[in-house]
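# Architecture and fold: a report
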Amino acid sequence: MSTIILGIESSCDDTSAAIIKDDILLSNIVAGQTVHESYGGVVPELASRAHQQNIVPVVHEALKQADVSKNEISAVAFTRGPGLMGSLLVGVSFAKGFARALNIPLIDVNHLKAHVLAHFIKEKDENAKPPEFPFLCLLVSGGNSQIILVKSYDEMEVLGQTIDDAAGEAIDKCSKVMGLDYPGGPVIDKLARQGNPNAYAFSKPHVLGLDYSFSGLKTSFLYFLRDRIKEDPDFIEHHKEDLAASLEATVVEILMDKLRKAARQYKIDQIAVAGGVSANTGLRNTFREHAEKYGWKIFIPKFGYTTDNAAMVAITGYFKYLNKDFCSIDLPAYSRVTL
Ligand code: KG4
């Protein structure tokens, strides 16, 4: 008999549901939230209200597209954390109610592990090989910048992480200072394609080991603009492409310096990237250059699986289902949790 997993993701501002049958993805529906755009960042209370409105139609559509009925589902996997508590609670409560009503197992999923395991999402007729254990994964999103040693579907060790801001957070904040639309990552990416990455130099951190820091870059960017605007009030408008390209290049350089160090230190040449920032063109290109230069076997997720999505939750749930790793109905959501 087939194993069918319903995955639910609601950790931040995307409501998503996905269906996986055995290890094949049948549907992955994501409802974004435009309500935050005018605020320049996610407003937690508005996010949870939007999740409440979206969750039922999103699950309905995921079932419809997968051509699966509720009664065929073997288990419900949900994001337990980390994330915004109000947002998480919507998905967690829905998953619990759904599983209880159908009397099927419930599986809790760590959002960060799910990002890493996005590399194991398989679409129909797809035969790309996933990474083999152990591999390294650079997880870069709005909330995290980590180098992870992935030993198995479940066993992951954080080798290094940011001691302050995440890479995505730094890009978003710099973009906000430039007066660009939210979220800044994709806007910076687009502008950077037309700019000179060597136009300006911003400060790079000196952090020991494999840890990262991005708060200094943010401050350096802010002070640089403040000084230049004194000379030319329209400096940002006149140089936005070069600013975006130089900012992006600095972030990519910081990320890759430590990743190369980790690859050398752990003698691993299978290197993956995951999380929202892995959609970035400059980062993806640099990964490809590193594959050539250092003989890395690289794994870059499809765009749809870089930002928050339920397909990654469903595949993580599928592996836990095979191990009968279920959770109890009274398990709380966690806003902060490590791997
Ligand atoms: O993984 P994600 O969807 O959410 C979490 O933080 O969990 O990542 C969102 C982050 C935001 O900071 C966003 O600006 C960034 O990913 N991002 C990008 C790009 N697309 C999304 N950053 C750079 N270039 C992009 N193309």
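Residues numbered from 1 in each chain as written. Predicted model: local features only at pLDDT ≥ 70, side-chain atom pairs only at ≥ 80, totals over all residues. Heavy atoms only, no water.

We now examine the nonpolar core. Membership of the largest hydrophobic core comes to 45 residues, with the highest contact counts inside it found for Leu138, Phe214, Leu243, Leu255, Leu259 and Leu283. Elements represented by at least two residues in this core include exactly β7 (135–140), β8 (145–150), α4 (167–177), α5 (184–192), α6 (215–231), α7 (235–266), β10 (270–274) and α8 (281–294). Considering every element that reaches this core, the biggest residue donor is α7, with 14 residues. Contact partners of Phe214, with chain neighbours within four places excluded, come to Ser145, Thr162, Asp164, Asp165, Ala166, Ala167, Ala170, Val251, Ile254 and Leu255. (Core = buried A, V, L, I, M, F, W, Y, C linked by side-chain atoms within 4.5 Å. Buried < 20%, exposed > 50% of the residue type's maximum accessible area, 1.4 Å probe, protein only. Helix = DSSP H or I, 4+ residues; strand = E, 2+ residues; numbered from the N terminus. Contact = heavy atoms within 4.5 Å.)

Interface size is commonly expressed as the accessible area that is lost once the parts come together. Domain parsing of the chain yields domain 1 (4–127 + 305–322) and domain 2 (135–303). On a C-alpha basis, the centres of domain 1 and domain 2 stand 27 Å from each other. Of the residues lining the interface, 20 residues belong to domain 1; the matching set on domain 2 comes to 25 residues. Taken together, both faces of the contact between domain 1 and domain 2 bury some 1800 Å²; the carbon and sulfur share is 67%. (Domains from an automatic or database assignment. Buried area = accessible area lost by both parts, 1.4 Å probe.)

Our focus in this paragraph is the environment of Tyr305. As for its placement among the helices and strands, Tyr305 is situated in the loop between β11 (297–299) and α9 (311–322). For the pair Tyr305 and Ser278, spaced 27 residues apart in sequence, the C-alpha separation works out to 9.5 Å. Those residues in contact with Tyr305 that sit more than four places away from it in its chain are Leu25, Asn28, Ala118, Ile121, Glu123 and Ala311. Looking at Tyr305, its side chain comes within polar contact range of the side chain of Glu123, at 2.5 Å. (Polar contact = N/O pair within 3.5 Å; in protein donor to acceptor, adjacent residues only side chain to side chain.)

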